[in-house]
Structures are given as C-alpha cells and as structure tokens.
Amino acid sequence: MYDKSKSVALANLWVAFAAFFVAIILGLYQVMNRSGLFPELESHELYFASVSTHGVLMGFVLTTFFIMGFGYYTATTTLKRPLWNKGLAWVAFLVALSGTVMAAIPLLTGKASILYTFYPPLMAHPMFYIGATLLVVGSWIWCLEMIMSVITWRRDNPGKVVPLAMYGTTANAIMWLWTSAGVAIEMLFQLIPWSLGLMDTIDPGLARTLFSWTLHAIVYFWLFPAYIAMYTILPKMAGGRLFSDEMGRVAFIMLLVLSVPIGFHHLYMDPQQSAGFKFLHMLGTFGVAIPTLLTGFTVLASLEGAGRLRGGQGLFGWITALNWKEPMVVAGMLALFMLIAGGWGGMINASYSMNTLVHNTQWVTGHFHLIFAGTTVIMYLAVAYHLWPKLTGRRLASRGMAVFQLWLWMIGMMVLTMPWHVLGLLGQPRRISSTPYDSPLVQQWDPHELAMIVGGAILLFSALLFVLNLLLSHAARKLDSVSDDDWAIAVYPPMSVPKSMNGFVLWNGILTVWMIVAYGIPIVQLLILDAPGSMPWGY
Amino acid sequence: MNTYKIITIACVLMPFGLAQGAPSSNVAWTVETHSLVRKGDASIGAKIETVETEDVNACTDCHGKGGAEPDRDKHPTLAGQVAAYTFKQLRDYKDGSRENRRMNEAVERLTNEQLAALAAWYAQQPVPSVEVDADETVSEETVRLVFRGDKKRLIQPCASCHGRNGQGAIIDVPAIAGQNVKYFVETMKDYAGEKRTNDIYSRMRIIAKALTRDEINELAVYYARLGNEQSDGSTQQAAAQ
Amino acid sequence: MHIDPLEKKWMYVVGFMTAVMIGSMAYAAIMLNMHPPSNVETIDPKTLHLSGEFAEDNLGATTNPDGSVTVRMVAARYSFYPQMIEVPADTDVKFRITSPDVLHGVHVPFTNMSTMVVPGYVSEVNTRFSREGEAQFLCNEYCGLGHDYMWSKLKVVPKG
C-alpha cells in the first residue's frame with residue numbers, strides 16, 4: 001500500500017464545494033432580485049457584489065480546488081504510487097486558499113464589484129487582485145505536481161503507456177499553465193501595480209487581450225476533468241468498457257493545442273484587435289469543437305456498449321437498459337444532453353460575424369451556465385459522489401438522493417438557461433440588475449425574467465441535497481474495503497502508443513508556434529500602438 | 001505650466017477639428033491634473049481661504065470657515081466636497097468656463113497649486129448641517145427619482161452617479177448630500193437655463209431641463225436632509241483620491 | 001493505432017461539418033465583406049471633450065457628401081451622447097463611438113449595430129437600418145452600479 005494523499009484531495013474538494021454552496025445562495029439572491037417579486041431586496045450594490053462573488057467562487061474557486069483534488073486522487077491511484085511531493089501539495093492548497101480568502105474579503109464587502117472578469121479601468125481594492133493571483137499561483141504548484149508525477153513515473157516505467165486518466169490530467173495541467181499565463185501577465189504587469197498606485201494609467205485594450213488569452217481556455221481547464229471522468233470512470237460505472245483509449249488521447253491532445261490560441265472570439269466586437277487576427281482565432285475556435293464532437297461519439301459508444309451488455313435491444317433500447325440508479329451514469333447522460341444544447345449555442349458565439357447578434361446579451365449568460373454549470377458541474381457532482389466513499393472510507397449516505405439531485409440539477413439548469421437564450425435573442429443586455437428601459441422589448445422580456453427564479457430555486461434545492469449528502473456521508477457506515485481501481489478499461493487496451501500520444505513535447509512545440517502567431521504578434525502590435533491609457537474609475 | 005499646456009493643445013487642435021465652439025470646460029483629468037489635485041496641500045489651503053485683498057473678499061467671508069458656514073444659503077457649502085470637483089469648479093471660474101463675477105475675480109490670481117490646496121482643505125472638512133424647513137415634504141416619487149430615475153424622460157437615478165448617500169464619486173462627481181437647499185435649486189435652474197454650462201457633454205443640463213421645478217425643490221430638501229442625517233462630525237470625503 | 005470504422009465515419013462527418021461552418025464564415029467574410037467591427041484606432045480618453053472629433057459640438061449625425069451618414073457618439077456614465085440620434089432608413093450609416101471613462105458596450109436589438117466601446121480606442125460600426133421607427137441603444141457591458149440605466153434613443157426616419 002502507498003500513500004494516496006487522500007486527505008489533501010478531500011481538503012481541496014471540501015473547499016470547492018463550500019464555495020459552490022455559498023455561490024448558489026448568491027445566485028438565488030440574484031434571480032430573486034431580477035424577478036421583481038421582492039422589491040425590498042433590490043439593491044444595485046448588493047446585486048453586483050453578489051454577481052462578482054458568485055462568478056469568482058464558481059469560476060475560479062469551485063473549479064480550481066475541484067480540479068486539484070480530483071487530480072491528486074487520479075495521480076496516486078492510476079500511477080499506483082505516492083504523489084511526487086505531498087508537502088508541496090499542501091503548500092499549493094494553502095497558497096490557493098489564502099488567496100481565495102484574501103479576494104473574498106473585498107468581494108463580500110462591496111470593494112471588488114467588478115465581476116469575475118475584472119475588466120479595467122474599473123478598479124477594485126488591490127487585495128482582490130493579489131488574492132486572485134495567489135489562487136492561480138497555488139494552482140501552478142498543483143500543475144508542477146501533476147507533471148512531475150508523470151515524469152517520474154515514466155522514468156521508472158520506461159516504454160509503458162501512461163494511463164489515460166493521468167494523460168488527460170497532465171494535458172490539463174500543461175494547458176492550464178499555458179492559458180493562465182495571460183491573466184498572470186495582466187495581474188503582475190497591469191492590475192496589481194495600477195491598483196497599488198505604482199502605475200498611473202492602464203490600457204484596457206491590452207488588459208482585455210491578455211484576459212482573453214485565459215478566458216477561453218479556462219473553460220477547457222474546467223471541462224477537462226468532466227471529459228476525463230466520461231472517458232475513464234463512466235464506462236466502468238455503466239458496466240462496460242471505454243470504446244477507444246486512443247481516441248481519448250487524440251481528444252485530450254486536440255484540447256491542449258486548440259483551446260488556448262483562440263481567445264479572440266471573446267474580442268470579436270472589440271476595437272483593439274483587427275479583423276485578420278479575429279478571423280484566425282475563429283478558425284481555431286471551430287477546430288476546438290472537433291475534440292468535443294469526437295468525445296461525444298466515444299463516450300456514447302462506450303455507453304451503448306454498456307447498455308447492450310445489460311440486454312438493451314434495438315436502436316435506442318440500450319438507453320433504457322443502462323443503470324439509471326448509478327449517479328455517474330445519470331450525470332454522464334444528462335451532461336451529454338446539456339453538452340449538445342450548449343454546444344450548438346457555442347457554435348453561434350464562435351461564428352465571427354454572427355456573434356454581433358448575441359454579443360453581451362443574456363444569450364451568453366444562458367450559454368455558459370448551460371455548458372459550465374450544466375455539463376461540467378454535473379460531472380463534478382458525480383465525481384464527488386464517486387470519490388467520497390474512496391476518500392472517506394465510508395459509504396455514500398444516499399445513492400437515491402444523489403440520483404434525484406442530479407436530475408433536479410439538469411431540470412433546474414434547463415429552466416434557468418433556456419429563457420436566458422430567448423432573452424438574449426430578444427436583445428436583453430447582460431450584467432444588468434433590472435430593466436429600466438423605455439422600450440416595448442421590456443414587456444416581451446418580463447415572462448422570461450420570472451422564469452429565472454424558478455430555475456434558481458430548483459438549483460438551490462438541488463445543491464442543498466448535494467452538500468447534505470456529502471456531509472452525511474462523513475458519518476455514514478464504514479466500508480470494509482474501498483477500491484481505488486475503479487478506472488475504466490478500454491475495449492482494446494493499448495499495449496503501446498506512439499510517443500506523441502504518451503507525452504507532450506510535440507504538442508507544446510506546436511502550441512508555442514501557434515501562440516506566438518495568435519497572441520504574440522497582436523500583443524506586440526498593441527504595445528507598439530501604445531494607446532493612451534485610462535485613469536482608475538470606481539463603480 | 002499645466003494650464004498653458006491644456007489651453008495650448010486646445011488652441012492648436014481646434015482649427016483641425018471640425019466646426020466646433022470652445023469646450024464646456026478646459027479641465028481634463030490627465031495624469032498631471034490628477035496628480036496636481038492629489039498633491040494639494042490642505043494646510044496651505046487653510047491659509048489661503050482667509051486671505052483678503054483690497055479687490056477680493058476672503059473665501060471665508062461668503063463660505064465661512066472651512067467652507068462650512070456660508071453667510072447665505074445661496075452660497076454653497078464647500079466643506080466635505082470632493083477635491084477633484086472643487087478644483088474643477090475653481091479652475092473653470094478662472095478660465096471663464098463658469099461665470100460668476102465674484103468667483104471669477106476671487107480666483108483670478110491663484111495658481112493651480114493654490115487651487116488644489118483649497119480643494120484639499122475643503123475636502124478634509126466634515127459635512128456641516130444645513131437648514132431645512134421641517135414642513136418641507138419629499139414625495140415618494142421624488143425618492144424614486146433618486147434611486148430609479150425616470151425612463152420616460154431618460155433621467156438616470158441621481159444615486160447612480162452621485163452615490164447611494166449622495167457622497168460623490170471618482171473622478172469629479174460632486175457630493176450633493178448636505179448642500180444648501182437654495183443653492184441646490186439655483187444650480188439646477190442655472191443648468192436648465194444654460195446659465196451654467198461647465199458640465200461636459202451637457203449631462204447635468206439635460207437632466208435639469210427634464211426635471212420639473214417641484215422635483216428640483218424636493219430633491220434639494222431630500223439631499224439637504226440626507227447630509228444632515230449623515231453628518232456626525234466625521235469626514236464625508238468620497239472615494240476619490 | 002486502432003480506430004473503429006464507425007468512429008472513422010464519424011470523423012469524416014465532423015470534418016465535413018467543421019468545413020461547412022468555417023466555409024460559410026469565410027465566404028461571408030471574404031466575399032460579402034461581413035466582419036465584426038474591427039477598426040483599430042486610438043484616442044486619448046482623458047481629453048476627449050477638449051477638442052477634436054469627439055468634442056461636444058461635433059457629436060451627432062452628419063450627412064456626408066456621398067449621402068451616407070456618420071454618427072459620432074460618446075459613451076459616458078450613464079448615457080450615450082447625444083441621447084437622440086436620427087438617421088434615414090436604407091442609408092449607409094457609420095457609427096464612431098468612444099468613451100472618456102470605462103468599458104461600455106452598445107447595441108440596438110435586432111440590428112447589426114453592436115460594438116464594444118473601449119476607452120483609448122474609437123469603435124466603428126457600418127450598417128444600414130431598414131426598419132423605420134423608434135429604437136434604443138442599450139449598454140451591454142458592466143460599467144458600474146448604474147449600468148442598468150444606460151441607454152439612449154434612435155429614430156429611423158424615411159429616406160429623403
């Protein structure tokens with residue numbers, strides 16, 4: 001037996017889900033505010049402080065800590081050895097946690113109501129920027145852990161194939177290092193000195209460009225673990241095998257290379273970048289849909305195999321034959337369903353000139369809640385249910401409640417996000433707390449505004465059940481034994497794979513060149529352009 | 001040198017711009033102007049406000065010590081006002097962008113640094129209590145104007161720029177809580193009648209023209225009372241530095 | 001490397017779909033000249049009103065010699081100035097807009113008029129309005145606690 005570092009994994013996961021729960025409550029406050037049913041609650045100060053905190057907690061805290069915790073469990077149990085440096089894992093945790101607390105204080109006291117995208121020249125208290133940077137630095141230490149775990153394992157196991165789950169986790173770590181560089185540069189060279197008064201002005205165009213470097217690929221940083229679970233946990237829990245290990249690797253490689261150099265689709269409507277580079281990024285953006293489409297096939301094929309093994313007949317009989325009592329199966333199917341809906345929305349956003357119609361409308365809010373809060377987070381919840389018994393040594397308090405909670409999550413998410421998509425098409429701006437426009441559109445929007453609160457209430461209830469389940473599990477009956485080998489096996493487990501699919505040297509090389517073209521050149525152009533900077537502004 | 005720089009740039013660029021008149025105010029928040037205001041020495045400002053010459057009154061004669069006790073309430077209280085705003089008004093008086101004979105003369109011979117010093121001095125003062133007739137009522141509709149504006153007339157809420165507590169905001173949005181009722185009303189009348197024109201892009205003029213006389217009267221009472229509620233001797237300086 | 005034949009077929013389908021999507025975007029961009037607003041031009045946000053193109057007297061709609069209209073607007077908390085813009089229908093309109101303070105976004109629902117407004121840069125949108133009547137410019141990027149209230153009016157009048 002070897003040290004699986006379960007306590008550091010559990011610590012990270014608890015911070016993730018505590019943040020998740022606080023953020024959900026804030027989300028409910030926001031939809032209550034928007035519904036118009038609670039005029040006494042309405043307050044712009046509270047609303048925007050809430051949106052900012054909600055966004056940071058969901059987008060930066062829940063995700064980063066979950067990914068770190070899941071990563072530690074994956075690294076130890078797939079490679080069957082202790083972490084490269086357990087002490088460092090705790091350091092990473094503490095650095096990230098202190099950063100989180102440091103950023104939370106100004107957020108919760110209304111001193112950082114600049115949303116989770118923190119675009120200047122709106123300026124927050126410097127503690128917010130410094131705290132957020134520390135959170136990212138903590139995650140870098142985790143990246144180092146993951147990469148070193150694989151490097152040392154390969155050194156000790158020459159010629160062997162890196163287990164798929166670890167290959168994916170390492171791809172994610174490398175991708176995160178690549179993409180977080182953008183926001184790190186923005187923080188270290190712009191936001192922190194500027195908020196401390198060391199720089200008088202800031203170029204918002206450069207800041208947005210640097211943030212876009214991180215902004216797209218960060219959603220793939222979040223999505224990677226969901227895909228890893230779909231490839232390497234779901235097939236086994238469904239009672240089958242993974243349809244193709246190699247295609248999994250192909251998907252992970254494509255995600256690594258294609259996620260990062262495409263951030264300009266967040267800047268389509270911006271005046272600081274030219275059409276040529278926006279077009280280049282558009283090509284890559286459509287490219288990154290490919291690994292998702294491939295994943296859809298491989299995962300569905302794996303599930304179909306499992307369903308037919310259980311006796312499912314006919315074109316769709318395998319669906320009903322699946323084990324719908326297993327939380328991972330439920331989450332996987334619901335995640336794929338939401339991925340299809342949200343993914344098509346994403347194609348519209350990616351569409352260069354068509355983006356005009358949806359940019360910065362409520363459509364965008366609908367899209368990312370569906371794809372992130374829906375597809376990605378539902379898989380996080382399922383992974384939590386899967387890992388809890390392994391990490392605590394006790395049975396999950398209630399599988400039935402878990403399954404029910406997951407269905408509620410999907411239903412709540414559809415109720416919440418579908419009206420948002422419609423509102424966006426009807427022209428409603430995003431990031432508003434009310435709709436005081438003298439326009440006939442407002443009446444058209446009203447019924448959809450009301451729908452928000454229904455979705456929010458369902459999601460709060462669902463989140464409550466989730467956290468309750470995890471809490472109760474800590475006091476549940478101890479298990480006699482716990483398996484740390486519940487990783488899926490491929491139909492054809494590869495005896496060997498090409499070097500390019502067992503490592504990342506080639507892909508890092510390609511990405512380096514692509515990044516120099518896609519981001520290096522535009523950033524240098526901006527530095528030469530040297531736009532007159534902006535003074536700090538409050539809100 | 002900063003003044004000359006601004007005016008020179010304006011004069012040089014103006015012929016190259018398309019047909020246009022003079023800007024409503026020559027004050028622009030460049031790094032230099034901002035720095036000038038931030039470095040304003042309040043202790044110097046304290047001395048300047050009492051200086052009287054044979055042509056010009058001391059500031060205290062009309063505005064009271066620390067700008068807290070104007071002799072008539074159609075003179076504004078200056079105590080606790082956002083420094084950048086005070087500086088801009090003084091500068092505008094000096095440039096003639098804002099017209100008032102007494103004020104134009106009062107600041108004629110002051111340098112930018114002295115104006116900044118005065119602004120810093122006043123900013124440090126606590127907002128004083130102002131006189132408000134107890135019988136004056138503020139209707140619910142007026143309070144709604146403060147926090148929700150009026151979409152039919154495209155009037156934004158006062159609070160959205162001036163702050164929830166009327167305390168002003170970065171960069172030069174003035175504090176309006178605790179201002180004299182009569183001065184508040186006169187100012188809005190001046191904006192509405194285009195007698196005061198130093199608000200850039202006419203943003204206050206547009207709003208003042210859209211408000212009714214009754215609304216302006218009630219808003220004046222609302223903000224005077226708001227200042228009284230908040231003034232507890234502590235500094236009311238807004239977030240601007 | 002072993003790839004299941006069915007998966008290989010799917011890869012072709014995916015490739016085809018991707019090609020169609022990229023192809024339509026490329027066609028629209030190259031042949032129909034449809035691009036998101038991408039004029040790169042800098043301006044000093046701190047001295048906007050003093051002189052130059054966005055001085056107070058310059059704002060609004062002007063008709064150019066060739067019949068097209070240029071509209072100059074300033075996005076400043078919390079409105080778009082001038083607050084009423086009138087343009088003729090079925091005419092080429094060029095919007096030029098910038099901000100002296102923070103990030104804004106502006107769009108007129110159901111039209112192509114949509115752009116980010118980034119202080120330090122001048123945004124330019126070229127479009128035509130075919131529907132006559134009243135519409136609104138709405139701010140769609142968070143610009144402070146008054147963001148909800150930031151909007152202004154557009155009137156599209158019959159041509160000529």
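Residues numbered from 1 in each chain as written. Chains lettered and ligands numbered in written order. Predicted model: local features only at pLDDT ≥ 70, side-chain atom pairs only at ≥ 80, totals over all residues. Heavy atoms only, no water.

### What to know about a positive patch on the surface
Phase 1 of the analysis: A cluster of like positive charges, contributed by Arg 72, Lys 74, Arg 102 and Lys 182 of chain B, occupies part of the molecular surface.
Phase 2 of the analysis: Within the element layout of this structure, Lys 182 of chain B appears in helix 10 (residues 181–192). (Patch = residues over 30% accessible without salt bridge, like charges linked within 9 Å, V, L, I, M, F, W, Y side chains within 5 Å. Areas by Shrake-Rupley, 256 points an atom, 1.4 Å probe, with all protein chains shown as cover. Salt bridge = Lys/Arg side-chain N within 4 Å of Asp/Glu carboxyl O. Lys, Arg positive; Asp, Glu negative; His and termini not counted. Charge placed at Lys NZ, Arg CZ, Asp CG, Glu CD. Helix = DSSP H or I, 4+ residues; strand = E, 2+ residues; numbered from the N terminus.)

### Overview of the side chain of Glu 326 of chain A
All names here are of chain A.
Phase 1 of the analysis: For Glu 326, the position within the fold is in the loop between helix 12 (314–321) and helix 13 (327–350).
Phase 2 of the analysis: Its relative accessible area of 9% is what places Glu 326 among the buried residues.
Phase 3 of the analysis: Within polar-contact distance, the side chain of Glu 326 engages the side chain of Arg 399 at 2.8 Å.
Phase 4 of the analysis: Here Glu 326 is in contact with Met 237, Arg 399 and Val 403, once residues within four sequence places are set aside. (Buried < 20%, exposed > 50% of the residue type's maximum accessible area, 1.4 Å probe, protein only. Polar contact = N/O pair within 3.5 Å; in protein donor to acceptor, adjacent residues only side chain to side chain. Contact = heavy atoms within 4.5 Å.)

### Concerning the sheet that holds strand 4 (residues 84–88) of chain C
Residue and element names in this part refer to chain C.
Phase 1 of the analysis: What the five strands build is an open sheet, ordered 4-10-9-6-7; its pairing is mixed. Since the sheet does not close on itself, it has two edges, and those belong to strand 4 and strand 7 (114–117), each with one partner. Averaged over all pairs of adjacent strands, the angle between their axes in this sheet comes to 20°, without regard to strand direction.
Phase 2 of the analysis: Judged from the two bridges that link them, strand 6 (residues 104–107) and strand 9 (residues 133–139) form a sheet pairing that is antiparallel. Directly across from Val 106, in strand 9, lies its bridge partner Cys 139. (Pairing = 2+ DSSP bridges. Axes fitted to C-alpha atoms, helices over the stretch in contact; angles between N-to-C directions.)

### A few points about the pairing of strand 1 (residues 60–63) of chain C
Sheet faces and side chains relate simply in a regular strand, where the side chains alternate between the two faces.
Residue and element names in this part refer to chain C.
Phase 1 of the analysis: By the bridge criterion, four bridges tie strand 1 to strand 2 (residues 69–76) in an arrangement that is antiparallel. When the bridges of strand 2 are listed, Thr 62 appears paired with Thr 70.
Phase 2 of the analysis: The turn joining strand 1 and strand 2, which pair antiparallel and follow one another in sequence, is formed by five residues; a positive phi near 90° is taken by Gly 67.

### Describing the interface of chain A and chain C
Phase 1 of the analysis: Contact with chain A, which involves 77 residues of that partner, is made by 64 residues of chain C.
Phase 2 of the analysis: At the boundary of chain A with chain C, total buried surface from both sides reaches about 5,800 Å², with 69% on carbon and sulfur atoms.
Phase 3 of the analysis: The tally of links from chain A across to chain C stands at two salt bridges.
Phase 4 of the analysis: Summed over the shared surface of chain A and chain C, the number is 25 residue pairs in polar contact (both at pLDDT 80 or more).
Phase 5 of the analysis: Broken down by secondary-structure element, the contributors of at least two residues to the side of chain A that touches chain C are helix 2 (44–79), helix 6 (204–215), helix 9 (245–259), helix 10 (275–287), helix 11 (289–309), helix 13, helix 16 (441–473) and helix 17 (505–529) of chain A.
Phase 6 of the analysis: In terms of residue count, the dominant contributor to the side of chain A that touches chain C is helix 10 of chain A (six residues).
Phase 7 of the analysis: Classifying every residue of the side of chain A that touches chain C gives 46 nonpolar, 22 polar and nine charged. (Buried area = accessible area lost by both parts, 1.4 Å probe. Nonpolar A, V, L, I, M, F, W, Y, C, P; charged D, E, K, R; others polar.)

### With respect to the domain arrangement of chain B
Residue and element names in this part refer to chain B.
Phase 1 of the analysis: Split into domains, chain B comes out as domain 1 (25–124) and domain 2 (140–240).
Phase 2 of the analysis: One C-alpha centre belongs to domain 1, the other to domain 2; they are set 20 Å apart.
Phase 3 of the analysis: Of the residues lining the interface, 23 residues belong to domain 1; the matching set on domain 2 comes to 21 residues.
Phase 4 of the analysis: Surface buried jointly by domain 1 and domain 2 totals about 1,800 Å² across both partners, of which 49% is contributed by carbon and sulfur atoms.
Phase 5 of the analysis: Ranking the residues of domain 1 by area buried against domain 2 places Asp 73, Val 82 and Tyr 85 at the top, with a combined share of 27%.
Phase 6 of the analysis: On inspection of domain 1 and its partner domain 2, the count reaches zero salt bridges.
Phase 7 of the analysis: Joining domain 1 to domain 2, the criterion identifies eleven residue pairs in polar contact (both at pLDDT 80 or more).
Phase 8 of the analysis: Those elements that provide at least two residues to the side of domain 1 that touches domain 2 are helix 5 (83–95) and helix 7 (112–124).
Phase 9 of the analysis: For the side of domain 1 that touches domain 2, the leading source of residues is helix 5, giving six residues.
Phase 10 of the analysis: Looking at the side of domain 1 that touches domain 2 residue by residue, the class counts come to eight nonpolar, nine polar and six charged. (Domains from an automatic or database assignment.)

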